[in-house]
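# Remarks on the overall topology
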Amino acid sequence: MIILENRKLMEAKFTNEQEVEDLISANFEHFFGPSSIFVSKKTIKTKDGFGTIPDGFAVDLSARIWYIVEAELSHHNVWTHIAPQVTKQMLAAGRPETRQLLTEILVQMVTEDSSTKEKFDDENIKEIDIRKVLGEIFEKAPIIGMPIDAVTDDLRDWAATLKNDVKLWIVRKYIQFGDPKVIAYDIPEEYRPAFDTTDRESQPKSGIKTYDVFITDLMEEGFLSAGTELILTYKPRGGKQQTFTAKLDSDGSLNVLDQNFSSPSYAAIFCIQKAGSDRTTVNGWTSWKTREGKFLSQLRSDYLEKKEKDAEQAAPPDRR
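All figures in this text were calculated on a predicted structure; none of them were measured in a lab. (Residues numbered from 1 in each chain as written. Predicted model: local features only at pLDDT ≥ 70, side-chain atom pairs only at ≥ 80, totals over all residues. Heavy atoms only, no water.)

### Focus: the packing of helix α4 (residues 96–112) against helix α5 (residues 114–122)
Across the interface, α4 lies against α5 with an axial gap of 6 Å and an inter-helix angle of 105°. Overall, the two elements α4 and α5 adopt an arrangement that is roughly perpendicular. Residue-level contacts link M109, V110 and E112 of α4 to S114, T116, K117 and F120 of α5. The residue inventory of the contact of α4 with α5, partitioned by class, reads three nonpolar, two polar and two charged. (Axes fitted to C-alpha atoms, helices over the stretch in contact; angles between N-to-C directions. Helix = DSSP H or I, 4+ residues; strand = E, 2+ residues; numbered from the N terminus. Parallel < 35°, antiparallel > 145°, perpendicular 65-115°, else oblique. Contact = heavy atoms within 4.5 Å. Nonpolar A, V, L, I, M, F, W, Y, C, P; charged D, E, K, R; others polar.)

This is the structure in structure tokens:
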């Protein structure tokens, strides 16, 4: 239950799959990353008809990966509904004409939508190179990205058998007690999936993935400390460059402009909106840096490297 002033919101079932689809379409950056672009099924057509079209495709320009997006409900049978449906979608996505169609749609979005163009600009992708970059991304196997209201054992078992990588995110719905028209949704923090098979072939010995790392982890290992100042510089389109300073609290939160934020991404989006941007998401780990010039993402990589070495040293010797 969620308490908001004198109101109580209780967890409720999604009305249908379309409600989940609409939630993802409106908030896709919170699942696939702030540098992602979403192509909904409304803009896609294939020769095989409606059955092979997923709920959308997402392209993460920063990570250079792409997703087949399929919103689901956990009461659907994995083996008779979800698995056959995703199999058809993977076959359709593997066809050259599908990837060419996605490329043309994305190129058109760049010319018609300033926020899409800004994402390419932020990744230093020049207009002349857009098709080349998209071609390189679409040469890779797509990740199956599935927002769903619950992750069952059958779903995990099926996902683990797929050749394609799979990410599952849990979404929840809440309605106000006594007034079900008041609705709130719970979506993942910092794009964090509930289940993820990426990097399974090179699983880190430490068992720690990038999204498992928090600011407090870096502080415990001495990469950061309470009172450390972090710098963010941002220049909105057509505006002046501005610099913001945040100070770390002992609990890992960031204080900036008399506001306290639990994550670097929340602090970063607050600052860039103050600077005049209308963006609603940003990767705080690649936005904030120390006064020595090291980004949080670099410190996180250093932390993961240290943990990996620690795990290797702690592992029992190979007696073969």
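### Notes on helix α3 (residues 78–93)
Along α3, the residues classified as buried are V78, I82, A83, V86, Q89, M90, A92 and A93. Where α3 is buried, its residues contact β4 (56–60), β5 (65–69), α4, β6 (143–148) and α7 (153–161). Two or three places before W79, at the opening of α3, N77 has a side-chain oxygen 2.8 Å from that residue's backbone nitrogen. (Buried < 20%, exposed > 50% of the residue type's maximum accessible area, 1.4 Å probe, protein only. Polar contact = N/O pair within 3.5 Å; in protein donor to acceptor, adjacent residues only side chain to side chain.)

### Let's talk about the sheet that holds strand β12 (residues 242–248)
One key point about sheets: their strands pair by backbone hydrogen bonds, in either a parallel or an antiparallel sense. In space, the five strands of this open sheet follow the order β14-β13-β12-β11-β15, with antiparallel pairing throughout. The strands lining the two open edges of the sheet, one partner per strand, are β14 (259–261) and β15 (289–290). Both strand β13 (residues 254–256) and β14 contribute to a ladder of three bridges, which runs antiparallel. Bridge pairing links L254 to F261 in β14. Relative to β13, helix α9 (residues 264–274) is tilted by about 15°, and along the sheet it contacts β11 (229–234), β12, β13 and β14. (Pairing = 2+ DSSP bridges.)

### Notes on the environment of A150
Here A150 shows up in the loop between β6 and α7. Judged by its relative accessible area of 29%, A150 is partly exposed. A150 sits 84 residues away from Y234 along the chain, and the two C-alpha atoms are 38 Å apart. Setting aside residues no more than four positions away along its own chain, A150 makes contact with S74 and L155.

### Describing a nonpolar patch on the surface
Judged by side-chain polarity, M1, I3, M10 and F177 come together as a nonpolar surface patch covering roughly 480 Å² of accessible area. Along the polypeptide, I3 turns up in strand β1 (residues 2–4). The exposure class of I3 is exposed, given its relative accessible area of 53%. (Patch = residues over 30% accessible without salt bridge, like charges linked within 9 Å, V, L, I, M, F, W, Y side chains within 5 Å. Areas by Shrake-Rupley, 256 points an atom, 1.4 Å probe, with all protein chains shown as cover. Salt bridge = Lys/Arg side-chain N within 4 Å of Asp/Glu carboxyl O.)

### Some words on the packing of aromatic side chains
Here a ring pair, both rings aromatic, is described through the centre-centre distance and the interplanar angle of the planes. Using the criterion set out here, one finds 11 aromatic pairs in the structure. Aromatic rings pair up to connect F31, F32, Y67 and W169 into one cluster. (Phe/Tyr/Trp six-rings, centres within 6.5 Å; stacked < 30°, edge-to-face > 60°.)

### Some details on the nonpolar core
Of all hydrophobic cores here, the largest spans 38 residues; its most connected members are L155 and W158. Broken down by element, the residue count for this core peaks at six residues, all from α3. Here L155 is in contact with V78, I82, M146, I148, A150 and L168, once residues within four sequence places are set aside. The next biggest cluster of nonpolar side chains, apart from the first, holds 28 residues, and it includes L232, A246, F270 and V282. (Core = buried A, V, L, I, M, F, W, Y, C linked by side-chain atoms within 4.5 Å.)

### Focus: the pairing of strand β2 (residues 7–12)
Alignment of β1 against β2, held across three bridges, turns out to be antiparallel. Note on β2: the bridge partner recorded for I2 is L9. Linkage of β1 to β2, two consecutive antiparallel strands, is achieved through a turn of two residues, within which E5 is found at a positive phi near 55°. The pairing of β2 with strand β8 (residues 172–176) spans four bridges and is classified as antiparallel. Bridge assignment links M10 to a residue of β8, and that residue is I175.

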